[in-house]
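These are the residues of each chain, in order.
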Amino acid sequence: MDAPAVEGSSPAGPDLARLIRWTTAGGGWRVSARTVTSLTVALVTCDGGEEMDRIVSSDPELIAHVDADPGAGAGAGPG
């Protein structure tokens, strides 16, 4: 399966593609840790914000995506 494209450009890297798949399925996310070069994104359920998994990444595409709309993943998804 090909990674989803971001904003009509080239396919997303594996970490960003994973976040996009999670949110497309209705999950939410929140940044749980951040350093100068990496971040940890908690993948949470849509119904209560329970953390189900994490993405720890220094992928610039993922960081840019999170920075572009930090409020989008501030808690649980649409449920």
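Bear in mind the structure is a predicted one, so any value in this text is a computation, not a measurement. (Residues numbered from 1 in each chain as written. Predicted model: local features only at pLDDT ≥ 70, side-chain atom pairs only at ≥ 80, totals over all residues. Heavy atoms only, no water.)

## Considering the overall build of the chain
Helices and strands together make up the secondary structure of the chain, namely 2 helices and 3 strands. When the elements of the chain are put in sequence order from the N terminus, they spell out α-β-β-β-α. The buried share among the 79 residues of the chain stands at 33%. Restricting to contacts in the chain with at least 6 residues of sequence separation, those with at least 24 account for 45%. When the accessible area of the chain is evaluated, it comes to approximately 4700 Å², of which 54% is carbon and sulfur surface. (Helix = DSSP H or I, 4+ residues; strand = E, 2+ residues; numbered from the N terminus. Buried < 20%, exposed > 50% of the residue type's maximum accessible area, 1.4 Å probe, protein only. Contact = heavy atoms within 4.5 Å. Areas by Shrake-Rupley, 256 points an atom, 1.4 Å probe, with all protein chains shown as cover.)

## Notes on helix 2 (residues 60-68)
For helix 2, the full list of buried residues reads Leu-62, Ile-63 and Val-66. The buried residues of helix 2 all sit within an arc of 100 degrees when viewed along its axis, so they share a single face. Turned more than 90 degrees off the buried face of helix 2, the exposed positions are Pro-60 and Ala-68. Where the residues of helix 2 are buried, they touch helix 1 (14-24), strand 1 (28-34), strand 2 (39-44) and strand 3 (51-57). You can read the cap of helix 2 off the contacts: a side-chain oxygen lies 3.0 Å from the backbone nitrogen of Glu-61, and it is on Asp-59. (Arc of directions from axis to C-beta. Polar contact = N/O pair within 3.5 Å; in protein donor to acceptor, adjacent residues only side chain to side chain.)

## Side note on the nonpolar core
The tendency in soluble globular proteins is for nonpolar side chains to be buried as a group. By size, the foremost hydrophobic cluster in this structure holds 13 residues, and its most contacted members are Leu-19, Val-41, Leu-62 and Val-66. At the level of elements, helix 1, strand 2 and helix 2 are the ones that each hand at least two residues to this core. At 4 residues, the largest contribution of residues to this core is made by helix 1. If we skip the residues at most four places from it in the chain, Leu-19 touches Trp-29, Val-41, Leu-43, Ile-55, Leu-62, His-65 and Val-66. (Core = buried A, V, L, I, M, F, W, Y, C linked by side-chain atoms within 4.5 Å.)

## Some words on the pairing of strand 3
Residues in a regular strand point their side chains to alternate faces of the sheet. Relative to strand 3, strand 2 runs antiparallel, the two being bridged by 6 bridges. Looking at strand 3, one finds that Ala-42 is bridged to Arg-54. Where strand 2 folds back on strand 3, the antiparallel hairpin that results is connected by 6 residues, among which Gly-49 adopts a positive phi of roughly 75 degrees. (Pairing = 2+ DSSP bridges.)

Taken by themselves, the reported measurements are silent on function.
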